[in-house]
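Coordinate analysis (summary)
Okay, here's what each chain looks like letter by letter:
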Amino acid sequence: EKGGFKHFMLKEIMDQPNAMRNALRGRIYQPVDAAPDVWEIKLGGLEKAKERAVDGRSPLERMAHASRLIIAACGTSWHSALIAKCAFEKLAGVPTEVEYASEFRYRKPLICQSDCLIAISQSGETADTLEAIKMAKQYKALTIGIVNVVGSSIARETDAGMYLHAGPEIGVASTKAFTCQVIAVLLMALRLGKQLGTLSEEMLHTYCAALSAVPDSIEEWLKSLTEQTRVISKYFRLATNALFSGVGIHFPVALEGALKLKEISYIHAEGFPAAEIRHGGITLIRNFVPVICIAMRHDPAYEQTKQVVSDFRAKDAAVVVITDQGNRDFDQVAQFVVQCPETKLELQPLISCVPLQLLSYYIADMRGCSIDQPRNLAKSVTVE
Ligand code: F6R
């Protein structure tokens with residue numbers, strides 16, 4: 001059932017192009033009778049749910065006019081939520097807040113009827129996320145689920161939502177569910193942008209075309225990426241600490257890279273926004289400490305990030321830069337450069353997270369760790 005792979009985690013990493021295609025299927029398409037560059041987005045669970053309409057408005061219309069979106073999630077799903085915030089605000093212009101479900105539920109937050117709470121969860125069973133939904137419902141806020149497991153508690157408890165269609169995720173460390181969550185929130189952001197008119201038709205078509213091309217480009221890239229990440233992993237397998245940096249929409253990817261590494265290889269790891277390291281974490285940088293930096297040319301603070309990367313190198317850190325195809329800016333300062341296939345900046349997390357997943361996987365494997373079932377960790381945390 002591992003399909004010839006040594007672990008479910010590796011199978012699930014390699015399955016991502018297919019999982020993403022399934023997450024996109026039927027939701028993003030080119031109408032047969034339209035011009036060749038015209039795309040449509042349809043999110044049945046949010047648009048069609050007539051029986052769930054309130055005052056004649058579908059969940060999508062209520063979301064679009066919510067006073068704010070509040071996303072509650074835990075762990076990896078919380079990282080997708082941070083990416084969602086960037087996408088919702090940039091593409092749809094909707095104010096969005098992100099909460100750890102566990103913090104949110106115990107803090108007695110201010111919630112009003114015009115708010116919309118979005119719960120992101122692979123399992124649909126995480127106790128804190130479920131409680132956050134119940135709390136939002138007490139205040140009559142609209143609740144939306146982004147869930148992988150069909151018929152799970154969160155899917156049933158929310159007013160409407162989207163399934164990921166990622167297929168079953170067996171490895172405890174989340175991989176394909178994460179990328180499919182990112183697909184789901186990008187689709188939602190684009191659909192909201194269309195609804196509200198914040199995205200022009202032309203921009204919408206450009207994003208849709210780019211999004212539909214992502215699974216193929218990852219599939220092609222994986223052929224060489226596995227070998228490259230294996231070489232880097234060999235170099236880092238004995239590390240005791242590692243740092244991950246990224247700016248803007250890549251900061252959550254850095255957090256996710258750090259979580260994956262600590263989760264399965266037991267190497268202490270931290271993610272931070274590039275410039276923020278100057279405010280404390282820089283003391284950890286020394287000889288051979290791996291620093292994995294995501295630095296894309298379209299990132300808002302690219303020039304500053306380049307400076308930070310040179311500073312790391314000057315302190316003898318072992319720097320890996322994850323960057324765009326053909327970017328030679330880091331050839332002199334990085335030990336390793338991983339070049340990602342090109343896409344639009346907001347879609348880039350779908351791609352830039354993949355080498356980080358593979359690095360964690362190979363490092364953990366070289367250290368002989370129990371990859372699919374890391375110590376002390378459960379696939380879904382149903383205790384409170
Ligand atoms: C990390 C991981 C966990 C989960 C978290 C939330 O790889 O799997 O951090 O993301 O426990 O779980 P779900 O998404 O099922 O609510």
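No experiment lies behind these values; they were computed from the predicted model shown. (Residues numbered from 1 in each chain as written. Predicted model: local features only at pLDDT ≥ 70, side-chain atom pairs only at ≥ 80, totals over all residues. Heavy atoms only, no water.)

**Overview of the site of the ligand**
The following threshold applies: For this description, a residue counts as near a given molecule or strand if any of its non-hydrogen atoms is within 4 Å of it. N or O atoms closer than or at 3.5 Å make up a polar contact, with two conditions inside protein: a donor-capable atom paired with an acceptor-capable one, and, for residues adjacent in sequence, both atoms drawn from side chains. Method for areas: the Shrake-Rupley scheme with a 1.4 Å probe, in which residue coverage is limited to the protein chains shown. Definitions used throughout: a 1 Å grid over protein atoms alone; a cavity as a set of points that fits a 1.4 Å probe which cannot get out; a pocket as an open set with protein on both sides within 12 Å along at least five of seven lines; a lining residue as one with an atom within 4 Å of a point. Molecules are considered to sit inside a cavity or pocket once more than half of their atoms lie within 2 Å of its grid points. The secondary structure listing takes helices from DSSP runs of H or I that are at least 4 residues long and strands from runs of E that are at least 2 residues long, numbered from the N terminus. When residues are sorted by character, Ala, Val, Leu, Ile, Met, Phe, Trp, Tyr, Cys and Pro go into the nonpolar class, Asp, Glu, Lys and Arg into the charged class, and all the rest, Gly among them, into the polar class.
Taken together, 14 residues are adjacent to the ligand, and S77, S121, Q122, S123 and T126 come closest. At a separation of 2.6 Å, an oxygen atom of the ligand approaches a polar side-chain atom of S123. In this structure, an oxygen atom belonging to the ligand sits 3.3 Å away from a main-chain N or O atom of V172. Protein chains bury 91% of the 410 Å² of accessible surface belonging to the ligand in isolation. Taken atom by atom, the bulk of the ligand overlaps the largest pocket. Contributions of two or more residues to the shell around the ligand are made by α5 (75-92) and α11 (251-265). Of the residues that constitute the shell around the ligand, the class distribution is four nonpolar, eight polar and two charged.

**What about the pattern of salt bridges?**
Spelled out, the test is: We define a salt bridge as a side-chain nitrogen of Lys or Arg found within 4 Å of a carboxyl oxygen belonging to Asp or Glu. For every residue, the accessible area obtained with a 1.4 Å probe (protein chains only) is divided by the maximum for its type, and the residue is called buried under 20%, exposed over 50%, and partly exposed between those limits.
Using the criterion set out here, one finds 27 salt bridges in the structure. The partner of K6 in a salt bridge is D365, with the nearest N and O atoms 3.0 Å apart. Taken together, the positions of K6 in the segment before α1 (8-14) and D365 in helix α13 (residues 349-366) put the pair 359 residues apart, joining distant regions of the chain. Take K6: its relative accessible area is 53%, and that puts it in the exposed class.

**So, the sheet that holds strand β8 (residues 241-245)**
This is how the line gets drawn: Between any two strands, at least two bridges found by DSSP are needed for them to pair. Between the N-to-C directions of two axes lies an angle of 0 to 180 degrees, each axis being a line fitted to C-alpha atoms and, for a helix, fitted only over the stretch in contact. Only heavy atoms matter for contacts: two residues are in contact if any of them lie within 4.5 Å across the pair.
The sheet built from five strands is open, its strands ordered β9-β8-β10-β11-β12 with parallel pairing. The two strands at the open ends of the sheet, each matched to only one other strand, are β9 (268-272) and β12 (336-340). Averaged over all pairs of adjacent strands, the angle between strand axes in this sheet comes to 15°, irrespective of strand direction. Along the sheet, helix α10 (residues 201-236) makes contact with β10 (290-294), β11 (318-324) and β12, crossing β12 at roughly 160°. Where α13 meets the sheet, its contacts fall on β8, β10, β11 and β12, and the angle it forms with β10 comes to roughly 160°.

**Side note on α5**
Here is the rule: One less than the number of residues in a helix, times 1.5 Å, gives the span that helix is expected to have.
Between its first and last C-alpha atoms α5 spans 25 Å; for 18 residues at 1.5 Å apiece the expected length is 26 Å, and the two agree. The element α5 is extensively covered by neighbouring structure, given that 13 of its 18 residues are classed as buried. Positive backbone phi, at 70°, marks G93, one or two positions downstream of α5.

**Let's talk about the packing of helix α2 (residues 16-24) against α10**
Put simply, the rule is: What sets the label is the angle itself: under 35 degrees gives roughly parallel, over 145 gives roughly antiparallel, 65 to 115 gives roughly perpendicular, and the rest give oblique.
Two numbers describe how α2 lies on α10: the axes approach to 9 Å, and their chain directions differ by 170°. Relative to α10, the element α2 lies roughly antiparallel. Between α2 and α10, the contacting residues are P17, M20, R21 and L24 on the first element and L211, S212, V214, P215, D216, I218, E219 and L222 on the second. By residue class, the composition of the contact of α2 with α10 is eight nonpolar, one polar and three charged.

**Here we look at empty space enclosed by the protein**
Short version of the rule: Grid points are joined across faces, edges and corners, and a volume is the space filled by probe spheres set on the points.
Across all of its chains, the model carries one cavity of 30 Å³ or more by this definition. Taken as a whole, the largest cavity holds about 60 Å³ of empty space. As for the largest cavity, its lining consists of F236, A239, A242, F244, L261, I267, P290, I292, L359 and I363. At the level of secondary structure, the elements contributing two or more residues to the lining of the largest cavity comprise β8, β10 and α13. Of the residues in the lining of the largest cavity, the class split is ten nonpolar, no polar and no charged.

**Let's talk about the state of the cysteines**
Formally: Note on disulfides: each one is a pair of cysteine sulfur atoms within 2.5 Å.
The full count for this structure, using the stated rule, is zero disulfides. Take C112: it sits in no disulfide, and the sulfur closest to it among the cysteines is that of C116, at 11 Å. Looking at C208, it has no disulfide partner, and the nearest cysteine sulfur is the one in C180, 17 Å off. For C208, a relative accessible area of 0% translates into the label buried.

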